[in-house]
Amino acid sequence: MTAVLDTILQGVLLGGLYALFAAGLALIFGVMRLVNLAHGDLIVLAAYLILLIANTLHLGVILSFIIALPLMFAAGYVLQTGLLNRVIGNDILAPLLTTFGLSIILQNAMLTGFSADSRRLTSDGIETASLPLFNGLAIGVMPLLTFLAAVAVIIALNQLFYRTALGYAFRAVSDDPVTARLMGIDDKQLFGIAMGVALAVCAVAALFLGLRANFDPTIGPGRLIFAFEAVIIGGLGSLWGTLAGGVILGVAQTIGASINPEWQLLAGHLAFLVVLAVAPRGLFPRAVD
Amino acid sequence: MALLETRGLTARYGDFKALFGIDFAIEAGETVAIIGANGAGKSTFLRAICGLLAAAPESIRFDGAAIGGAAPAEIVRRGIAMAPEGRKLFPSLSVEENLRVGAWSQKTPGYWNLSSVYELFPMLKERRSTPATALSGGQQQMVTIGRALMSNPRLLLCDEISLGLAPIVIRDIYAALPRIRQGGVSLVIVEQDIAQAMAVADRVYCFQEGRVTLSGAPAALSRDAIHEAYFGH
């Protein structure tokens, strides 16, 4: 019984990481209907950026992360206004190909710049610390922090979207960009801000990715798949749905892994396919679409 | 000097030319109605003024500055707001959020804000948290007008605000116009209902196939002249 409980608990916490991967992807799709195939690679890029800052300036990983956050925001703004704004429009294929190309460029640039060696972010033993619960059950401090970070990011994004003028403008542009322009909203600039916020969320995801496990330049597409699955399981309606999607994916993976370590990824994909078959629009779809 | 003036304004959708040189003027404080049949170019004219369609810079002058072809956001900042045809409310936003989006470009407080819009249309206050597109057609039209007012424009363009509404609802909406004018806003009203347009406007322009076929004060225009300007020969 404890083993089952343990498996599910670890899966839920793992889901927090997947929700962090997915939140930025969902945000971008929600605001500008852009499917960013380079999302996973941008997370890996953010992880290398944190590592680079930590090594160059001899700073702790948290401080490095705080420095990386505005840098990633700026990178997102420049990426959107300088490149992606030129390709988004009625044709869905052009932005898809552009971000696909960006994904390949990023992977190879990181391979050249940082080599193929696996790296990780290190902190003062917090990676291996755990909190004992009852019956010999324990949860890792790092997975718990990851999950709490995911909840915090989702609360923050919800506040942004539903409580600020910027959030109303994001939603207005998402509904009807032409009418939004009549309100004086510069949609292209707004898209830049949205991509900036998404890449800042990528930096949060990168911090926990790098502290929990090794990363190398090639793991981006794998993270993208998890992010996609979390978004689609949750439905495009709400960010809480994305967290639920991440949790379902995480639990499925840990259950699969507890049966046979080779089944971890397979179980996640199977859970995704089951949800897709039963509820094609996800578990928490948007009412108006 | 006119508040807004167009000289030889042309507009096209791709290869299709929709406006053939419109000369139009509205003074500060005036209410001008544009009438004409479907396809006469009335909405196209408003879209060109708002910056949604390309136009030669000098062909549209607002408050002394050439604004033809400027970005819509720039034109809103200069003081032109639009209540678009078909209302075009943002469906995922509540009534109040729709109104707040209208104030996006408003950096300094003006006469029109949430409380003055709610005073103008009291029933919107009761339904402030409702999704905007769940309201009745008349109430949605009120949100559209309120949303445009939130930018505190000097010129408000109203495109077919009575379209698809019951006569009693139209009366309610038109009853709000005098109060909007008291706030110092000039109005351009595009209207298919000629009687309604004649009743509120200081001057009337009639469009036909992308050209101005008649203009003048309502009292000075004979029924036959309007008929001919509206339908052609």
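All residue numbers refer to positions counted from 1 along the written sequence of the respective chain. Chains carry letters and ligands carry numbers; both start at the beginning, A for chains and 1 for ligands, and go up in the order they are written. Under the rules for a predicted model, residues below a pLDDT of 70 receive no local features and side-chain atom pairs below 80 are neither given nor counted, while totals for whole chains, interfaces and linings still include all residues.

Enquirer: What should I look at first to understand the overall build of chain B in this one?
Expert: Per the secondary structure count, chain B includes ten helices and ten strands. The C-alpha radius of gyration of chain B comes to 17 Å, within 12% of the 17 Å expected for a compact globule of 233 residues. For chain B, the spread of C-alpha atoms along the principal axes amounts to about 50 × 35 × 35 Å. In chain B, 65% of the contacts between residues at least 6 apart in sequence involve partners at least 24 apart. Strands are runs of DSSP state E lasting at least two residues, helices are runs of H or I lasting at least four, and both sets are numbered from the N terminus onward. For the radius of gyration, the atom set is restricted to C-alpha positions; the globular benchmark scales as 2.2 Å times the number of residues to the power 0.38. Contact between two residues is assigned whenever their backbone-derived C-beta positions fall within 7 Å.

Enquirer: Whenever I open this one, the environment of Leu 157 of chain A confuses me. Can you help?
Expert: Residue and element names in this part refer to chain A. Assignment of secondary structure puts Leu 157 in helix α5 (residues 141-163). Exposed residues have 12 or fewer other C-beta atoms within 10 Å of their own C-beta, buried residues have 20 or more, and residues in between are partly exposed; the C-beta atoms are placed from the backbone. With 21 C-beta atoms counted inside 10 Å, the residue Leu 157 sits in the buried group. Spatially, the C-alpha atom of Leu 157 lies 29 Å from that of Ile 104, the residues being 53 residues apart in sequence. Excluding anything up to four places from it in sequence, Leu 157 contacts Ala 23, Leu 27 and Leu 239.

Enquirer: How do you make sense of the packing of helix α10 (residues 239-259) of chain A against helix α11 (residues 264-278) of chain A when you look at a structure like this?
Expert: Residues and elements named next belong to chain A. It is at 7 Å that the axes of α10 and α11 come closest, and there the two elements cross at 140°. Taken together, the axes of α10 and α11 are oblique relative to one another. The way α10 lies across α11 gives a crossing that is right-handed. Residues Ile 248, Leu 249, Ala 252, Gln 253, Ile 255, Gly 256 and Ala 257 of α10 touch α11, and the partners they reach there are Gln 264, Leu 265, Leu 266, Ala 267, Gly 268, Ala 271 and Phe 272. The residue inventory of the contact of α10 with α11, partitioned by class, reads ten nonpolar, four polar and no charged. Angles run from 0 to 180 degrees between N-to-C directions of axes, and those axes are lines fitted to C-alpha atoms, restricted for helices to the stretch in contact. Note that the term roughly parallel is reserved for angles under 35 degrees, roughly antiparallel for angles over 145, roughly perpendicular for angles of 65 to 115, and oblique for everything else. By convention, the crossing between two helices is left-handed when the near helix turns anticlockwise from the far helix through less than a right angle, and right-handed when the turn is clockwise. Polar here means any residue other than Ala, Val, Leu, Ile, Met, Phe, Trp, Tyr, Cys and Pro, which are nonpolar, and Asp, Glu, Lys and Arg, which are charged; Gly is therefore polar.

Enquirer: Would you mind showing me how to read helix α3 (residues 61-87) of chain A here?
Expert: In an α-helix there are 3.6 residues to a turn, and that puts residues three or four apart on one side. Residue and element names in this part refer to chain A. The bend reported for a residue corresponds to the angle between axes fitted to the seven residues ending at that residue and the seven starting there. The largest bend in α3 is about 40°, located at Gln 80. Residues Val 61, Ser 64, Phe 65, Ala 68, Leu 69, Met 72, Phe 73, Ala 75, Gly 76, Leu 79, Gln 80 and Leu 84 constitute the buried set of α3. In this structure, the buried residues of α3 make contact with α2 (39-57), α4 (93-114) and α8 (187-212).

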